[in-house]
Amino acid sequence: MAEQVKVLGSWGSPFSKRVELALKLKCVNYECIEQDLANKSQLLLDYNPVHKKIPVLIHNGKPIVESLVILEYIDETWRHNSIFPHDPYEKAMARFWAKFIDEKCNEGVWKIMWCKEEERGKLVEEVLQHFGTLEGQLKDKKFFGGEEIGMVDIAANFIGYWLGLVQEAIGMELVTRDKFPVLCRWMDEFVGHSVVKPILPPRDELLAIFKARFNATAWEY
Amino acid sequence: MADQGEVKLLKTWSSLFGLRVVWALKLKGIPYESVDEDLTNKSDLLLQYNPVHTKVPVLIHNGKPICESLVILEYIDETWSQNPPSLLPQDPIQRASARFWAKFMDEKALPSMWQAFTKKGREQEEGLASIAEKLKLLEAELEGKKFFGGEEIGIPDFALGWLVNLVPVFEEILGLKIVDEERHPSLSEWSRRISDIRVIEESWPPRDKLVTKWAAIRDHFLATARASSG
């Protein structure tokens, strides 16, 4: 039986793109089934009944959900072109930083996007500290994974591409070249990478969506 | 048995996250040195080995620190893969399921429980409704199985361990039932099974000390809420 790999995803979602990036890095053929998140399909509800969210990887009919869990599954199932380090300690470090990116950096930016004005100063200060901590991990490496993209780079994809658009949409600069030169250098490498670049969502369309969402709900308190 | 090197665990006497690592080390028969931290007066060791979060637990293996309890559990499983039990199944689909449920317990169930415990009034009601919903999902997932991974104990069971020793403490302090035999027959049976495991049962912090500690925590949060609402 031919292998069947499907991704229930969304064209603009960084979480969806994490999964696609991992599959592309491993040269695994897959079918992407675009989901309308405002009108969730029965397929999505059946395959992710607990969270009803994308992405969902469906491998030979079996679903795997939660993007970081999916990345682990992909690496364990298609063992060539590893995205995780082999050494258990380095692997633990990769998992630690992926968690940090989601829980501190991404979550921090998300909070700023929707916070009340009086809360913003403190939230910005916190997230800038987190970005500084993350930047410290890069040092003089091309990618978090070293010479090649690894799991932490994939996990940091929101920072690599989406963050710039969010900053433009909310009219706020968080990560700038003068404050975070190393992180910005990484962002250039990331978006320019031959496997990453073709799957990034179109900039103008994404920016329009962010601007519309932000303006519609930001000040409704 | 492979040479395990030097293993040190920074935790506190009561940390539910630290307990997970204790269970993994003890079940796999890995000797280690235990260091109980005072989080109101963090040691240089903790600040040095977990500079990012300054939290416990931290596993220090041959001088190298690993932080975040679920990350530590996977590290232990990979490093001491020769020592039974395996903390994750072998099959990638089952491993993904185990990781999913461990994440669910930490990111959904525990925060719901926290809200139910540290709030009152409407916010507490919402927390209680939320934990009830999460327990329903966990009950359905567990049905027919000995442990979340099947026949063997594993990482998702460790991640939910607080249900066994801490929830009864919360129930006593709040004066209400969160887990009961009628709504949660599988979880109740699972809790008894977990408690029957000697190294787990031996590791529970003293219940009266936990009641004192957690009652003080609830009082603190309620007082803070009163102060900020004026």
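Keep in mind that what you see is a predicted model, and the values were worked out from it rather than measured.

### Here's the deal with the overall build of chain B
Next, step 1: Counting its secondary structure elements, chain B contains 11 helices and four strands.
Next, step 2: Computed over its C-alpha atoms, the radius of gyration of chain B comes to 18 Å, within 12% of the 17 Å expected for a compact globule of 230 residues.
Next, step 3: Dimensions along the principal axes, computed over C-alpha positions, put chain B at roughly 55 × 45 × 30 Å.
Next, step 4: Out of the 230 residues in chain B, the part that is buried amounts to 52%.
Next, step 5: Once local pairs closer than 6 in sequence are excluded, the contacts in chain B between residues at least 24 apart make up 69%.

### Description of the domain arrangement of chain B
All names here are of chain B.
Next, step 1: The assigned domain composition of chain B is domain 1 (7–79) and domain 2 (92–216).
Next, step 2: Computed over C-alpha atoms only, the centres of domain 1 and domain 2 are separated by 21 Å.
Next, step 3: Counting residues at the interface gives 14 residues for domain 1 and 23 residues for domain 2.
Next, step 4: Carbon and sulfur atoms supply 75% of the area buried between domain 1 and domain 2, which totals about 1700 Å² over both sides.

### Concerning the environment of A:Leu44
Residues and elements named next belong to chain A.
Next, step 1: Secondary-structure assignment places Leu-44 in helix 2 (residues 42–47).
Next, step 2: Given a relative accessible area of 0%, Leu-44 falls into the buried group.
Next, step 3: Taking the C-alpha atoms as reference points, Leu-44 and Ala-98, separated by 54 residues in sequence, lie 25 Å from one another.

### Quick look at the domain arrangement of chain A
Residue and element names in this part refer to chain A.
Next, step 1: You can read the domains of chain A as domain 1 (5–77) and domain 2 (88–220).
Next, step 2: The centre of domain 1, based on its C-alpha atoms, is set 21 Å off from the matching centre of domain 2.
Next, step 3: At the junction of the two partners, domain 1 supplies 15 residues and domain 2 supplies 21 residues.
Next, step 4: Interface of domain 1 and domain 2: buried area, both sides summed, is about 1600 Å²; carbon and sulfur atoms make up 73% of it.
Next, step 5: When the buried area of domain 1 at its contact with domain 2 is split by residue, Trp-11, Arg-18 and Leu-21 rank highest and sum to 38% of it.
Next, step 6: The interface formed by domain 1 and domain 2 includes two salt bridges.
Next, step 7: Notably, a salt bridge pairs Asp-102 with Arg-18, separated by 2.7 Å at the nearest N-O pair.
Next, step 8: Applying the counting rule to domain 1 against domain 2 returns six residue pairs in polar contact (both at pLDDT 80 or more).
Next, step 9: Broken down by secondary-structure element, the contributors of at least two residues to the side of domain 1 that touches domain 2 are helix 1 (14–25) and helix 3 (67–77).

### Thoughts on the interface of chain A and chain B
Next, step 1: Between chain A and chain B, the residue contacts involve 24 residues of the former and 24 residues of the latter.
Next, step 2: Each partner contributes to the roughly 2300 Å² buried at the junction of chain A and chain B, and carbon and sulfur atoms together form 71% of this total.
Next, step 3: In this assembly, chain A and chain B are joined by eight salt bridges.
Next, step 4: Between chain A and chain B we count seven residue pairs in polar contact (both at pLDDT 80 or more) in total.
Next, step 5: Considering every element that reaches the side of chain A that touches chain B, the biggest residue donor is helix 4 (residues 88–114) of chain A, with 12 residues.

### Some thoughts on the packing of helix 5 (residues 121–142) of chain B against helix 9 (residues 185–195) of chain B
Residue and element names in this part refer to chain B.
Next, step 1: The geometry of helix 5 relative to helix 9 is characterised by a closest axis approach of 8 Å and an angle of 75° between their N-to-C directions. In this view, helix 5 runs roughly perpendicular relative to helix 9, as classed from their interaxial angle. Where helix 5 abuts helix 9, its residues Leu-135, Leu-138, Glu-139 and Leu-142 lie against Pro-185, Ser-186, Leu-187 and Trp-190.
Next, step 2: Tallied by class, the residues present in the contact of helix 5 with helix 9 amount to six nonpolar, one polar and one charged.

About the thresholds
- Residues numbered from 1 in each chain as written.
- Chains lettered and ligands numbered in written order.
- Predicted model: local features only at pLDDT ≥ 70, side-chain atom pairs only at ≥ 80, totals over all residues.
- Heavy atoms only, no water.
- Helix = DSSP H or I, 4+ residues; strand = E, 2+ residues; numbered from the N terminus.
- Rg over C-alpha atoms; globule rule 2.2 N^0.38 Å.
- Buried < 20%, exposed > 50% of the residue type's maximum accessible area, 1.4 Å probe, protein only.
- Contact = heavy atoms within 4.5 Å.
- Domains from an automatic or database assignment.
- Buried area = accessible area lost by both parts, 1.4 Å probe.
- Salt bridge = Lys/Arg side-chain N within 4 Å of Asp/Glu carboxyl O.
- Polar contact = N/O pair within 3.5 Å; in protein donor to acceptor, adjacent residues only side chain to side chain.
- Axes fitted to C-alpha atoms, helices over the stretch in contact; angles between N-to-C directions.
- Parallel < 35°, antiparallel > 145°, perpendicular 65-115°, else oblique.
- Nonpolar A, V, L, I, M, F, W, Y, C, P; charged D, E, K, R; others polar.

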